[in-house]
Amino acid sequence: MMSEGIGIQEIVNNGYCIGCGVCAAVKHSPYSIQMDQEGKYQANLDSDKTDNESIARVCPFANEALNEDEIGKKLFGEHRGIHHDAYLGYHLKNFAGGVSEDTYREKGSSGGFGSWFAVTLLEEHLVDYVIHVRPINHSSSILFAYTISTTKEEVREGAKSKYYPIELSNVLDVVRNTPGRYLLIGIPCFIKAVRLLAEQEPIFKERIVFTMGLVCGHLKTDRFAKTIGWELGIHPDAIESIDFRVKIPETKANSYGVAVKGNGVEKEITSPMKDILVHNWGHGLFRYNACDYCDDVLAETSDITIGDAWLPEYVKDGRGTNIIVVRNPVILSLLEKHCNKLAIEEISAEKIYTSQAGGFRHRREGLSYRLYLKDLKKEWRPNKRVKPSNQMSTRRKRIYEHRIPLASKANEAYQDALSANDFSIFKNNIEPELHRYNKLYHRPLLVRVVIRLLRYLRNMVDVRK
Ligand SMILES: Cc1cc2nc3c(=O)[nH]c(=O)nc-3n(C[C@H](O)[C@H](O)[C@H](O)COP(=O)(O)OP(=O)(O)OC[C@H]3O[C@@H](n4cnc5c(N)ncnc54)[C@H](O)[C@@H]3O)c2cc1C
Ligand code: SF4
Ligand code: SF4
């Protein structure tokens, strides 16, 4: 059985570190966080220190740690009217929509709810500080980092999704040393790690009074941003800023663009994301390996989760639409109080699931197969709520198998291109790989005809109902 607990060093060595920085934030931790050659943060044992196995209890990938169901039960299990399911975790109510006041929706990635909610908590004096990710405005090679905002203007500067490596160790040090009430915004594994830290050091429980999770497909290394810039004519060493979610008027929400600025290039360069080689999230290029062994899509341990409403009825609105999952009754009351500033409607748990169906397929069915493959090779892997299995169609198995090496192939191609200082090497090496992978999705003509026919008949039945 591959499930025994191991320390932080082995978690890193086996490729399961997501670089959240929480193990480095433990008091007197022997770990610090460093960016590795592939452009991802990783925990690193300081040379003059020795590992302490108890630190692994804060790691979202350690077998010693509580899982999302266990943490969620402690936090939300007793709330009146709470529901639980295997996809959303605990939930009180779910919504879809956006912000109708000011320009939050225009300036946000989706419906602008993320920034609006953080500002509202500050204005209602429910928190003093917002921990979130903002662009770094100095001449370092890092484009974004976790920071702490105290004003509406600072919070709004951080709007939009950063598909970019970030880590929490520095801001958690500030929380430990600075009394006050904090909102933490983060991806699911980061929120889970902070919940685990709060179990060990109650000061974090007292001070981080609210958490807002972002739905998460996977996290990207810094090569994702650099490759986009390079394709648009900005060398990886010269990239100064990137906006991963440019809204394009008159198009659908999922047809967004990307904008980059570079040193020595006067104007910002914008492109539809679909024209960019690494655009397809399904390919998962430059993702962290750890993301392939994660089963929390909807930030099940956060007080509220927000994401994109990838549903046909909302996606046609190019202004962007949020899905919102509320777990904390204080937050539910706050939304009811401010409902005149929001254009949101209640939706079912099934709709929330459907909006992230692709993510769930990869992280439930796909994960079960990846765990099965790990066990077959007798390699260590973290315990998951999903059980190892190979009970799926041969086609799905082949898709999951081909997806695994794409990430390392992208890294090799990027390294070769960098050594030759020539982007076309990346393009020429990775395109055939993507082509081979895309072909797995092509079904034989007869199967496609049957599927279309079945869809047509189902629609006819629905129309008559
Ligand atoms: C790595 C990543 C993967 C995602 N994957 C999915 C997905 O598969 N499906 C889906 O529906 N949604 C996904 N999202 C969420 C989505 O992209 C939007 O961030 C979310 O809908 C909020 O948009 P908004 O307009 O409400 O918020 P905004 O007003 O744009 O505010 C967003 C807030 O989130 C903070 N933030 C942005 N990036 C990060 C980060 N990396 N870590 C911590 N805080 C951050 C910002 O600082 C800001 O405060 C992902 C986000 C990230 C960062
Ligand atoms: S706690 Fe975070 S940074 Fe530390 S090993 Fe685990 S995933 Fe990596
Ligand atoms: S997919 Fe999971 S492990 Fe990866 S960044 Fe998202 S929440 Fe973390």
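The structure presented is a predicted model; accordingly, all values stated were derived computationally and were not measured.

(A) Spotlight on the overall build of the protein. Helices and strands together make up the secondary structure of the protein, namely 17 helices and 15 strands. In summary, the protein has a C-alpha radius of gyration of 22 Å against a globular reference of 23 Å for 465 residues, a match within 12%. Dimensions along the principal axes, computed over C-alpha positions, put the protein at roughly 65 × 60 × 55 Å. By residue count, 53% of the 465 residues in the protein fall in the buried class. Residue pairs in contact within the protein that sit at least 24 positions apart in sequence constitute 69% of those at least 6 positions apart. Surface exposure of the protein reaches about 21,600 Å², of which carbon and sulfur atoms provide 51%. If the 64 positive side-chain charges of the protein are averaged to one point and the 59 negative ones to another, these points end up 7 Å apart.

(B) Just the packing of helix H5 (residues 113–123) against helix H12 (residues 329–337), in detail. Packing of H5 against H12 brings their axes to within 12 Å, and their N-to-C directions diverge by 100 degrees. On the basis of their axis angle, the class for H5 and H12 is roughly perpendicular. Residue-level inspection shows Phe113, Trp116, Phe117, Thr120 and Leu121 of H5 in contact with H12, the latter providing Ile331, Leu334 and Leu335. Within the contact of H5 with H12, the residues separate by chemical class into seven nonpolar, one polar and no charged.

(C) Quick peek at helix H15 (residues 394–420). The first and last C-alpha atoms of H15 sit 39 Å apart over 27 residues, in line with the 39 Å expected at 1.5 Å per residue. Its maximal kink placed at leucine 406, H15 deviates by approximately 30 degrees. Along H15, the residues classified as buried are Arg396, Lys397, Ile399, Tyr400, Arg403, Leu406, Ala407, Ala410, Asn411, Ala413, Tyr414 and Ala417. On the buried face of H15, the contacting elements are helix H10 (222–231), helix H14 (357–376) and helix H16 (423–439). Just past H15, the residue asparagine 421 takes up positive phi, approximately 55 degrees.

(D) Main features of the sheet that holds strand S6 (residues 129–135). Read across the sheet, eight strands follow the order S7-S6-S8-S9-S13-S14-S5-S15 without closing on themselves; strand pairing throughout is mixed. Each edge of the open sheet is held by one strand with a lone partner, namely strand S7 (144–149) and strand S15 (342–346). Within the sheet, the average angular offset between the axes of one strand and its neighbour, ignoring direction, is 25 degrees. Examined bridge by bridge, strand S5 (residues 93–99) and S15 share five bridges and lie antiparallel to one another. Residue pairing across strands places glycine 98 opposite alanine 343, the latter belonging to S15. Sheet contacts for helix H8 (residues 188–200): S7, strand S8 (182–186) and strand S9 (208–214); angle to S9, the most-contacted strand, approximately 155 degrees.

(E) How the structure looks around the site of ligand 2. Close to ligand 2 lie Ile8, Cys17, Ile18, Gly19, Cys20, Gly21, Cys23, Ile33, Ala43, Cys59 and Pro60. When grouped by side-chain class, the residues that make up the shell around ligand 2 number nine nonpolar, two polar and no charged.

(F) Region of the structure containing the nonpolar core. Grouped together as the largest cluster of nonpolar side chains are 92 residues, with contacts concentrated most on Ile18, Ile228, Ile242 and Phe426. It is H8 that provides the largest number of residues to this core, a total of eight residues. Ignoring anything within four residues of it in the chain, the contact list for isoleucine 18 reads Tyr41, Pro60, Phe61, Cys189, Phe190, Leu219, Tyr288, Ala290 and Cys291. Formed by 30 residues, the second largest nonpolar core is a distinct cluster that contains Tyr90, Val99, Tyr104 and Val127.

(G) Representation of the site of ligand 3. All residues adjacent to ligand 3 are Ile18, Phe61, Ile187, Pro188, Cys189, Cys216, Gly217, His218, Leu219, Cys291, Cys294 and Arg363. Among the residues making up the shell around ligand 3, the classes are represented as nine nonpolar, two polar and one charged.

(H) Highlighting the side chain of asparagine 411. For asparagine 411, the position within the fold is in helix H15. A polar atom in the side chain of asparagine 411 sits 2.9 Å from the side chain of arginine 223. Not counting residues within four places of it along the chain, the set of residues in contact with asparagine 411 comprises Glu38, Arg223 and Phe286.

(I) Layout of the packing of aromatic side chains. Per the counting criterion, the structure on display carries 22 aromatic pairs. Relative to tryptophan 116, the ring of phenylalanine 113 has its centre 5.5 Å away and its plane inclined at 45 degrees; by these criteria the two rings are tilted. On the criterion of helical spacing, the pair formed by phenylalanine 113 and tryptophan 116 is a turn pair, its members being three residues apart in helix H5. Across from the ring centre of phenylalanine 224, 4.6 Å away, lies the NZ or CZ of lysine 220, which sits over that ring. When the ring centre of tyrosine 256 is taken as reference, the NZ or CZ atom of arginine 245 above it lies at 4.3 Å.

The rules behind the values
Counting starts from 1 at the beginning of each chain's written sequence and moves along it residue by residue. For naming, the first written chain is A and the first written ligand is 1, with later ones following in the order written. Where totals are concerned, whole chains, interfaces and linings use all residues; where local detail is concerned, this predicted model gives features only for residues with pLDDT of at least 70, and gives and counts side-chain atom pairs only at 80 or more. Only hydrogens and water are removed before side-chain values are computed, so all heavy atoms of the structure are retained for them. Helix and strand assignments come from DSSP, with helices taken as H or I runs of at least 4 residues and strands as E runs of at least 2, each series counted from the N terminus. Atoms counted for the radius of gyration: C-alpha only. Globule rule: 2.2 Å times residue count to the power 0.38. Here's how the labels work: a residue is buried when its accessible area is under 20% of the maximum for its type, exposed when over 50%, partly exposed in between, all with a 1.4 Å probe on protein chains only. Any pair of residues with heavy atoms lying within 4.5 Å of one another is described as a contacting pair. Here the open area of atoms and residues is found with the Shrake-Rupley method and a 1.4 Å probe, where only the protein chains shown may cover a residue. We treat Lys and Arg as the positive residues and Asp and Glu as the negative residues; His and chain ends play no part in the count. Working definition for charges: the position is that of NZ of Lys, CZ of Arg, CG of Asp or CD of Glu. Whenever a helix is involved, its axis is fitted only over the stretch in contact; in every case the axis is a line through C-alpha atoms, and angles between N-to-C directions fall within 0 to 180 degrees. To sort the angles, those under 35 degrees are grouped as roughly parallel, those over 145 as roughly antiparallel, those from 65 to 115 as roughly perpendicular, and the leftovers as oblique. Here the nonpolar group is Ala, Val, Leu, Ile, Met, Phe, Trp, Tyr, Cys and Pro; Asp, Glu, Lys and Arg are the charged ones; every other residue, Gly included, is treated as polar. Expected helix span is computed as 1.5 Å times (number of residues minus one). Bend angle per residue: angle between axes fitted to the 7 residues ending at that residue and the 7 residues starting there. Should DSSP find at least two bridges between two strands, the strands are regarded as paired. What makes a residue near a molecule or strand is one non-hydrogen atom of that residue sitting within 4 Å of it. Note on terminology: a nonpolar core comprises buried Ala, Val, Leu, Ile, Met, Phe, Trp, Tyr and Cys residues joined through side-chain atoms within 4.5 Å. Two N or O atoms form a polar contact when they lie within 3.5 Å of each other; inside protein one atom must be a possible hydrogen donor and the other a possible acceptor, and for residues adjacent in sequence the pair counts only when both atoms belong to side chains. Each Phe, Tyr or Trp ring, with Trp reduced to its six-membered ring, pairs with another whose centre is within 6.5 Å; inter-plane angles below 30 degrees give stacked pairs, above 60 give edge-to-face pairs, and intermediate values give tilted ones. For a ring to carry a charge above it, either NZ of a lysine or CZ of an arginine must fall within 6 Å of the ring centroid while also lying within 35 degrees of the normal to the ring plane.

It is worth stressing that arrangement in space is one thing and function is another; only the former is reported here.
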